[in-house]
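Structure assessment
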Amino acid sequence: MFVAGETFRARTSRLSLWLAVPLGAALLWALATWLGEDAPPPRAQQTQTPLEIENLTSFVVRKDGQKQWEIAARKVEVSPRGDQTTAVEVSKATLFREGKPFVSLRAPKVRLANSSNNLEATGGVTGSGPDGFSFHTPIARWINRQKLVHCPQPVRARLREFEVVAPALEFRPAQQRLDVKKPLELRTHGAVLRAPSLRADLDKRQLHLGGGVELVFDPQTARLADAPTRRNSR
């Protein structure tokens, strides 16, 4: 009995070991499967969505209690942190001076940095200002610290009877001054002035052209008064 019992225990131990190896592997595989493919996916972190307002007729930005910008757009989005406002299909973005409208812009998209009050209009910008000043350009920026409208790309501007065609320009509304620091063309009926630079004082109605001005005259479109003819005296 003793020998048989020892043999039985020995065989039982071998059987237990023989069964334990595949069972352990199966349990490990099942655990890996449960933790892997069959495990529920981790929850994605919830992201804050921007505040959206559609068909906004008046979005007002104030500084020190005074109105600085007023924007009308199809849609306005305020970022979750409140540091940026984006307006889409802007029918009018008006810059105020001493509580009165001064410069107006139209553009497909306008972004306003809420901390600095800097503004960028893109997608083809049309603007207008005092004394018949207007312009069209792909992009225009308002740099609030310098109180400056900056057009860094090719622009066409209108100054009363003159058209300015330039690679870039700067407009300072407070001084009503327009500056072009690169070669430009100043066009009027029948003539083109080419100059290295331009400064225009709108309030004084003065144009200051840089040195080396070239005048191109088109006799087909320009009309000059005919010189008076003298009658032969008898």
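Please read these numbers as outputs of a predicted model, since none were measured by experiment.

**Some points on the overall build of the protein**
Each helix and strand in the protein was counted, giving one helix and 16 strands. Here the analysis covers contacts within the protein between residues at least 6 apart in sequence; of these, 31% occur between residues at least 24 apart. As displayed, the protein offers around 16300 Å² of accessible surface, 54% of which is attributable to carbon and sulfur atoms.

**Points about the pattern of salt bridges**
When charged atoms on two side chains of opposite charge get close, those side chains can pair. Under the counting rule described, the total for this entry stands at 13 salt bridges. Notably, a salt bridge pairs Lys67 with Glu70, separated by 3.4 Å at the nearest N-O pair. Overall, the relative accessible area of 26% leaves Lys67 in the partly exposed class. The exposure class of Glu70 is partly exposed, given its relative accessible area of 23%.

**Quick notes on unusual backbone geometry**
You will see that Glu98, though not glycine, has its phi angle at about 55 degrees, which is positive. Inspection of the secondary structure puts Glu98 in the loop between strand S3 (84-97) and strand S4 (100-113). Residue Asn117 is not a glycine yet carries a positive backbone phi of 65 degrees. The topology assignment puts Asn117 in the loop between S4 and strand S5 (119-128). When its relative accessible area of 8% is taken as the criterion, Asn117 is described as buried.

**Observations concerning the environment of Ile71**
Along the chain, Ile71 turns up in strand S2 (residues 66-78). Once the C-alpha coordinates of Ile71 and Val110 are considered, the two residues, 39 residues apart in sequence, prove to be 9.2 Å apart.

**Description of the environment of Ser134**
As for its position among the elements, Ser134 is in strand S6 (residues 133-143). Non-local contacts of Ser134, meaning those with residues more than four positions away in its chain, are made with Gly127, Ser128, Arg156, Ala157 and Arg158.

**Quick notes on the packing of aromatic side chains**
What the rule picks out here adds up to three aromatic pairs. Consider the rings of Trp69 and Trp142, whose centres lie 6.3 Å apart with planes at 75 degrees: the pair is edge-to-face. Residue Trp69 is found in strand S2, and its partner Trp142 is found in strand S6; the two are separated by 73 residues along the sequence. Each member of the pair, Trp69 as well as Trp142, is classed as buried. Through successive ring pairs, a cluster of aromatic residues spans Phe133, Phe135 and Phe171.

**A closer look at the environment of Arg62**
If you trace the backbone, Arg62 turns up in strand S1 (residues 51-63). Judged by relative accessible area, which is 52%, Arg62 ranks as exposed. The sequence separation of Arg62 and Phe96 amounts to 34 residues, and the corresponding C-alpha distance is 9.9 Å. If sequence neighbours within four positions are ignored, Arg62 has contacts with Lys67 and Gln68.

**A word on the confidence of the model for the protein**
Of all residues in the protein, 72% attain a pLDDT of 70 or more, and the chain-wide mean is 78. Counted against residues more than four places away or in other chains, residues 25-39, with its pLDDT under 50, gives three contacts.

**Considerations on the side chain of Gln68**
Take Gln68: it is sitting in strand S2. Filtering out sequence-adjacent residues up to four positions away, Gln68 remains in contact with Val61, Arg62, Lys63, Thr94, Leu95, Phe96, Asn117, Trp142, Asn144 and Lys147.

**A few points about the pairing of S2**
Pairing analysis gives ten bridges linking S1 to S2, with the strands arranged antiparallel. Within S2, the residue paired with Leu51 across the bridge is Val78. Adjacent in sequence and paired antiparallel, S1 and S2 are bridged by two residues, among which Asp64 carries a positive phi angle near 55 degrees. In terms of strand pairing, S2 meets S3 through nine bridges, oriented antiparallel. Considered in S3, the bridge of Lys75 is made with Val88. Connecting S2 to the next strand, S3, in antiparallel fashion are five residues, including Gly82 with a positive phi near 75 degrees.

Criteria and thresholds
Residues numbered from 1 in each chain as written. Predicted model: local features only at pLDDT ≥ 70, side-chain atom pairs only at ≥ 80, totals over all residues. Heavy atoms only, no water. Helix = DSSP H or I, 4+ residues; strand = E, 2+ residues; numbered from the N terminus. Contact = heavy atoms within 4.5 Å. Areas by Shrake-Rupley, 256 points an atom, 1.4 Å probe, with all protein chains shown as cover. Salt bridge = Lys/Arg side-chain N within 4 Å of Asp/Glu carboxyl O. Buried < 20%, exposed > 50% of the residue type's maximum accessible area, 1.4 Å probe, protein only. Phe/Tyr/Trp six-rings, centres within 6.5 Å; stacked < 30°, edge-to-face > 60°. pLDDT = per-residue confidence, 0-100. Pairing = 2+ DSSP bridges.

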